[in-house]
Amino acid sequence: MADLYSCLPCEKNEWSDAGSTSCTERSVDYVHITEPLSVLLMLSVSFMLFLAAAIAILFARNYSTPVVRSAGGKMCFLMLGCLSGSGFSVFFYFGIPNPIQCVLRSSFFPLFYTVCLSCLTVRSFQIVCIFKMAAKLPKAYDWWVKYNGQWLFIAVASNVQLILCAVSAPRPFNDTVTFKDQIIMNCDTAGFLPISATVLFAGFLGVLCFIFSYMGTDLPKNYNEAKSITFSVLLFFFSWITYFTLYLIQASRNLPIIRAFSMLTSSYGILLSYFVPKSYVILFKPEKNTQAHFQSCIQDYTQKISRM
């Protein structure tokens, strides 16, 4: 039986100061949709979705032009759709988390972003292969073309990421440890390693993409994507290094906001560095969007290689 000299623990939804004789109910907190940072993120996502849709329409109307074909043709629309999907996942980070919302938080971005990075990787590889490797390894190149190697690679990478997302699927939980006077409603990420595995796999694809683009730094300018890919990959790593650093050193209710910001930054990196410059050429430099201009660049490259 309790008496004046016995300490009784408070309930999980309560807290008290040391030496206090009463318990106070904790406040419940989560990322509200009306917060200034939430509104800013939603506006940024909305603009990105609008920009991706506008680029998709522009590319569709100019599908037969060299700029669109050299950018990947049909693959461009898959990339734009996946960038939209990865950006849209930010909307799942607001409000009280539920089981479905937690699963969508952990799977939408890594899965869609992986598909986009896979497309960018095989596109960079194919360009290097056409200009530098097809003549040296004709059998390997013929196999790649015959069995649709690009789509096979994208399918394998996407399925690997899907498995990683399934393993690290989180669930709602109430954090009663970080703050003594608050209950933070969030999604349990099942530890640091599962949540980082999906990002690390995407980072691995980013490194592959960078390697192939670097191998093509001396290619004709119309096919040289080293600068844009380097920018997008560095932005991806910088944003996620920042997130994981804060994840490890600082417990905060704003970690979901920071994670959503990292996702949005990664998506914007590819959209702005890869698609916007090509859209600029289509709209304002039509003289560079001709077959003759592309053939001239290829001939200049061929002559340069022959002189070496």
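Right above here is the structure, for reference.
Rules and cut-offs
- Residues numbered from 1 in each chain as written.
- Predicted model: local features only at pLDDT ≥ 70, side-chain atom pairs only at ≥ 80, totals over all residues.
- Heavy atoms only, no water.
- Core = buried A, V, L, I, M, F, W, Y, C linked by side-chain atoms within 4.5 Å.
- Buried < 20%, exposed > 50% of the residue type's maximum accessible area, 1.4 Å probe, protein only.
- Helix = DSSP H or I, 4+ residues; strand = E, 2+ residues; numbered from the N terminus.
- Contact = heavy atoms within 4.5 Å.
- Expected span 1.5 Å × (residues − 1).
- Phe/Tyr/Trp six-rings, centres within 6.5 Å; stacked < 30°, edge-to-face > 60°.
- Lys NZ or Arg CZ within 6 Å of the ring centre and 35° of its normal.

Enquirer: I would appreciate a short explanation of the nonpolar core in the present structure.
Expert: Here is a general trend for soluble globular proteins: nonpolar side chains tend to be buried in one another's company. Among the nonpolar cores identified, the biggest contains 60 residues, and Phe59, Val90, Trp240, Ile270, Leu271 and Phe275 are the most heavily contacted of them. Listing elements by their share of this core, those giving two or more residues are helix 1 (36-61), helix 2 (66-71), helix 3 (74-88), helix 4 (99-133), helix 6 (149-167), helix 7 (192-215), helix 8 (226-249) and helix 9 (255-284). In terms of residue count, helix 9 provides more of this core than any other element does, 12 residues in total. Ignoring sequence-local partners within four residues, the contact set of Ile270 consists of Leu83, Tyr113, Cys116, Leu117, Ser232 and Phe275.

Enquirer: Explain helix 1 here, please?
Expert: What sets the pattern is the α-helix's 3.6 residues per turn: residues three or four places apart point alike. Across its 26 residues, helix 1 extends 38 Å between first and last C-alpha, which sits within 8% of the 38 Å expected from 1.5 Å per residue. By the burial criterion, the buried members of helix 1 are Ser38, Leu41, Met42, Val45, Met48, Leu51, Ala52, Ile55, Leu58 and Phe59. The inward-facing, buried residues of helix 1 contact helix 2, helix 3 and helix 9.

Enquirer: Honestly, the packing of aromatic side chains in this entry has me stumped. Any pointers?
Expert: How two aromatic rings sit relative to each other is set out by the distance from centre to centre and by the angle between their planes. According to the stated counting rule, one finds 17 aromatic pairs in the structure shown. Look at Phe109 and Tyr113: their rings are 5.0 Å apart centre to centre, the planes differ by 25 degrees, and that puts the pair in the stacked class. Residue Phe109 and its partner Tyr113 are both found in helix 4; the two are separated by four residues, about one turn of the helix. You can call Phe109 buried: its relative accessible area is 4%. The buried category is assigned to Tyr113, whose relative accessible area is 2%. Every member of this aromatic cluster is reached through a ring pair, and the members are Phe109, Tyr113, Phe236, Phe237, Trp240, Tyr243 and Phe244. When the ring centre of Tyr274 is taken as reference, the NZ or CZ atom of Lys278 above it lies at 4.2 Å.

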